[in-house]
Amino acid sequence: MDWLQALILGIIQGLAEYLPISSSGHLEIFRQILGIDLGGKESLAFDVTLHVATVLSTIFILWKEFLPLCTSFFTFKRDENFTYVLKILVSCIPVAIVGLAFKPIVEQFFEGNLVIVGTCLMVTALLLAFSYFFRTSPVAALKKGNEGRDITWVDAIIIGIAQAVAVLPGLSRSGTTIATGIIIGDKREKVATFSFFMVIIPILGEAALHVKDMLFPDAEQLAEAATQASVGVVPLLIGFLSAFVVGCISCRWMINLVKKGKLIWFAWYCAIVGVICLFVG
């Protein structure tokens, strides 16, 4: 991988992590377009690096909301912020189970299969369209002017399950979690911010596992690394920086789009790209 390819993938990650179009799916699409042939572990490690960059961009843009959460949680201050963090932790349980129990199976989906990407993009399109036409739960929708509720404990679990399902490439994590929250009746802005915060722990956890594997590789990992192409430090750094910068821009943009209920346009986009992937794949 050269620096230009890393730059392009970083820009794609920065945009697609927040916009409901699937960052993992688009990274796979552009790897195919650019002819990047990395091994499964190297490819996943590069993706994790880009995801860490966008996590940092989330913290950078939403630091006014993020700092009070950290303060309340680490000082055990029993206020709304402390409860909010606990809801985030609860929402991470499903994806943690999937990641720890089914990691080898999940990694198989990131091996250049555009049919899977196309199918999941179509599912993303349907979910976004459904959330557009049914923005709140059936009961709340009967109340004219209802803008939704704050996220409850049950909502956190449901949204967390949606995040766990969205590990599949092509199934947008932000789109799936935000659309799920809107469908069950949560406020748009609240669920968008919650969606961006809830991904921090899984991505940093995945990054920690990769660091552990690099520092303490087993025999199988050493043998695999010897036969795979390496990303390189410069491309990795360029990809990281480009994902961070573009992520800062698209994070705030996405929150405004969710407020205005403009997700339907991304449903059309995902449907078109999904069909193309199915034909090409």
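Check the entry above for the structure.
On a predicted model such as this, the values are computed, not experimentally measured, just so you know. Residue positions are given per chain, counted from 1 along the sequence in the order it is written. In keeping with the predicted nature of the model, local features appear solely for residues at pLDDT of at least 70, side-chain atom pairs appear and are counted solely at 80 or more, and the whole-chain, interface and lining totals rest on all residues. For the side-chain quantities, the full set of heavy atoms in the structure was used; hydrogens and water were omitted.

Draft legend 1. Broad picture of the overall build of the chain. Per the secondary structure count, the chain includes 16 helices and zero strands. The criterion used for residue contact is that any of the two residues' heavy atoms lie within 4.5 Å. Within the chain, counting contacts between residues at least 6 apart in sequence, those at least 24 apart form 83% of the total. Counting only carbon and sulfur atoms, one obtains 72% of the accessible surface of the chain, whose full area is about 14000 Å². Runs of H or I in DSSP of at least four residues are treated as helices and runs of E of at least two as strands, each being numbered from the N terminus. Areas reported here follow the Shrake-Rupley algorithm with a probe of radius 1.4 Å; residue values treat only the protein chains shown as occluding.

Draft legend 2. How the structure looks around the pattern of salt bridges. For this document, the term salt bridge refers to a Lys or Arg side-chain nitrogen within 4 Å of an Asp or Glu carboxyl oxygen. Enumeration over the complete set of coordinates arrives at six salt bridges. One salt bridge in this structure joins Arg 149 and Asp 155, with 2.9 Å as the shortest N-O distance. Residue exposure (1.4 Å probe, protein chains only): buried if accessible area is under 20% of the type maximum, exposed if over 50%, otherwise partly exposed. Accessibility expressed as a relative area gives 2% for Asp 155, which makes it buried. Because the salt bridges share partners, they merge into one network encompassing Glu 28, Arg 31 and Asp 47.

Draft legend 3. View of the packing of helix 1 (residues 3–16) against helix 2 (residues 23–34). Between N-to-C directions, angles span 0 to 180 degrees; the directions come from axes that are lines fitted to C-alpha atoms, helices contributing only their stretch in contact. Running from N to C, helix 1 and helix 2 cross one another at 155 degrees; their axes reach a closest spacing of 9 Å. As judged from the angle between their axes, helix 1 and helix 2 are roughly antiparallel. Here helix 1 runs over helix 2; the crossing is right-handed. Where helix 1 abuts helix 2, its residues Gln 5, Ile 8, Leu 9, Ile 12, Gln 13 and Ala 16 lie against Ser 23, His 26, Leu 27, Phe 30, Arg 31 and Leu 34. Residues are sorted three ways: Asp, Glu, Lys and Arg are charged, Ala, Val, Leu, Ile, Met, Phe, Trp, Tyr, Cys and Pro are nonpolar, and all the rest, Gly among them, are polar. Of the residues belonging to the contact of helix 1 with helix 2, the class tally is seven nonpolar, four polar and one charged. An angle counts as roughly parallel when it lies under 35 degrees, as roughly antiparallel when it exceeds 145, as roughly perpendicular when it falls between 65 and 115, and as oblique in every other case. Note on convention: near helix rotated counterclockwise from far helix by under a right angle means a left-handed crossing. Clockwise means right-handed.

Draft legend 4. Main features of the nonpolar core. The biggest cluster of nonpolar side chains holds 49 residues, and the ones touching the most others in it are Ile 178, Phe 196, Met 254 and Leu 263. In this view, Phe 196 contacts Tyr 18, Thr 58, Leu 62, Arg 173, Ser 174, Ile 178, Cys 251, Met 254 and Ile 255; residues no more than four positions away in its chain are not counted. For the purposes of this section, nonpolar cores are sets of buried Ala, Val, Leu, Ile, Met, Phe, Trp, Tyr and Cys residues that join through side-chain atoms within 4.5 Å. Counting residues in hydrophobic clusters, the runner-up holds ten residues, among them Ala 6, Leu 9, Phe 46 and Val 231.

Draft legend 5. The arrangement of the side chain of Ser 91 in detail. By secondary structure assignment, the location of Ser 91 is in helix 5 (residues 80–91). Residues contacting Ser 91, with those up to four places away along its chain left out, are Ala 156, Gly 160, Gln 163, Phe 194 and Met 198.

Draft legend 6. Just helix 2, in detail. Multiplying one less than the number of residues by 1.5 Å gives the expected span of a helix. With twelve residues, helix 2 should cover 16 Å at 1.5 Å per step; its first-to-last C-alpha distance of 16 Å lies within 8% of that length. All of the buried residues in helix 2 are Ser 23, Ser 24, Gly 25, His 26, Leu 27, Glu 28, Ile 29 and Arg 31. Any pair of N or O atoms that falls within 3.5 Å is considered a polar contact. Within protein, one atom must be able to donate a hydrogen and the other to accept it, and sequence-neighbouring residues count only if both atoms are side-chain atoms. The opening residue of helix 2 is Ser 22, an N-cap whose side-chain oxygen sits 2.9 Å from the backbone nitrogen of Gly 25. Trailing helix 2 by a residue or two, Gly 35 shows a phi angle of about 70 degrees, which is positive.

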